[in-house]
Amino acid sequence: MDCSNIIDSYYSFISIYIGGGNMEYFLKLVYLILFPGFIFTIIMGLLISGIDRKIVARMQRRRGPKIIQPFYDIVKLIGKDTIVPRNASSRLFIIAPIIALVSICIVPILFPIYNHVTLFEGTADIVVIIYLLIIPSVAMIVGGIASGSPFASIGISREVVSMIAYELPLITSVLAVCKKAGMISGEGVTYSLSKIASVQEANGSFIFSISLLPAALAFLMILPAKIGSSPFDVAEAETELCEGPLVEYSGLQLGLFKLTHKIKAYVITALFVVLFLGGIGISNTNFFLLNTLIRIVLSIVISILFLSVVRGVMGRYKSNQMFKFYWIVPTILALLSYILVSFNL
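This one's a predicted model, so the numbers in the text were calculated from it and none came from an experiment.

Of all hydrophobic cores here, the largest spans 67 residues; its most connected members are Ile196, Phe219, Leu275 and Phe276. Here this core takes 14 residues from helix H11 (residues 251-276), the largest share from any one element. Contact partners of phenylalanine 219, with chain neighbours within four places excluded, come to Leu170, Ser173, Val174, Ile268, Leu271, Phe272, Leu275 and Phe276. The next biggest cluster of nonpolar side chains, apart from the first, holds 12 residues, and it includes Leu77, Ala88, Tyr249 and Leu254.

Attention now moves to the packing of helix H9 (residues 213-227) against helix H13 (residues 319-342). In contact at an axis separation of 7 Å, H9 and H13 are set at 150° when each is read in the N-to-C sense. With respect to their mutual orientation, H9 and H13 come out roughly antiparallel. The way H9 lies across H13 gives a crossing that is left-handed. Contacts between H9 and H13 involve Leu213, Pro214, Ala215, Leu217, Ala218, Met221, Ile222, Pro224 and Ala225 on the former and, on the latter, Phe325, Tyr326, Val329, Pro330, Leu333, Ala334, Leu336 and Ser337. Considered class by class, the residues forming the contact of H9 with H13 number 16 nonpolar, 1 polar and no charged.

By the definition in use, this model includes 12 aromatic pairs. When the centroid spacing of 5.4 Å and the interplanar angle of 15° are considered together, the rings of phenylalanine 323 and tryptophan 327 count as stacked. Placement of both phenylalanine 323 and tryptophan 327 in helix H13 is noted, with a separation of 4 residues, approximately one turn of the helix. Here phenylalanine 323 falls in the partly exposed class, since its relative accessible area comes to 29%. Clustering of aromatic rings is evident, with ring pairs tying together Phe232, Tyr317, Phe325 and Tyr326.

Cut-offs applied
- Residues numbered from 1 in each chain as written.
- Predicted model: local features only at pLDDT ≥ 70, side-chain atom pairs only at ≥ 80, totals over all residues.
- Heavy atoms only, no water.
- Core = buried A, V, L, I, M, F, W, Y, C linked by side-chain atoms within 4.5 Å.
- Buried < 20%, exposed > 50% of the residue type's maximum accessible area, 1.4 Å probe, protein only.
- Helix = DSSP H or I, 4+ residues; strand = E, 2+ residues; numbered from the N terminus.
- Contact = heavy atoms within 4.5 Å.
- Axes fitted to C-alpha atoms, helices over the stretch in contact; angles between N-to-C directions.
- Parallel < 35°, antiparallel > 145°, perpendicular 65-115°, else oblique.
- Left-handed = near helix turned anticlockwise from the far one by under 90°.
- Nonpolar A, V, L, I, M, F, W, Y, C, P; charged D, E, K, R; others polar.
- Phe/Tyr/Trp six-rings, centres within 6.5 Å; stacked < 30°, edge-to-face > 60°.

Listed below in structure tokens is the structure:
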């Protein structure tokens, strides 16, 4: 029996067991909590962080920590007391990391998995995802401001500069994908991830399209800055600013921000797979489970090549250097892709 038949049989069994009327709610609950939702997203984020630390250590001729060390670190931070500064706005200070974590964990729920199913069927998934990916950075800025620390203000200003630098080329590259998928499907432009995945399934991955190759390269260049990884981690810059906006955070709240940072590495690389490599876990063939595993592995490989290796071989950029780089190289590549797609080349 092939994988798709196994899954359909499992759905039928569950539907009979819990009642047909409740089946939809049960699947949405599984989708939200287990896969590809909250639990799976956290596990993948921590796993990628552990692999990243191990690879960078080997590149520097160190043994490095265990791959599961990030799991221990987060548990330890969550178990510590949270100290709220005397001059802080306590409510904003405490709620900012919660908002950051929730927003980044919602993104994978919008990724289409089996038979192009998503938890929330819609026509503007990309627009929602763009907003959700901005929220963690905004939450960090708000948290730094709420801490009332003058030392956090430097990191806040750098975070704002970073966002201005990379958001334009990121959005432009994503819009190029939306326009390409829309033109192929006859809609002009589409913001639905399911339709983008369907188009790639029928016509091949977009990364092999000449018109979208520059956009893919721009997206990969943006990964370290969007995630907050070296050489573009100018906002936190541990050796310079002592965590920047997070300087006053400790305990559970610091752990939530750290967890958000680690989850970002998985979420954004998985988004790249969805947009340029045919989608993550999308298949109508008999190899659904295998395809899902392959696309998860692709996310890990991309994070290793464009996060770990880059972090291991490059030093940190200055804020002005980062701004200049992103507004020249990735922006030009993204705009080039959009122009090529517009002329149907």
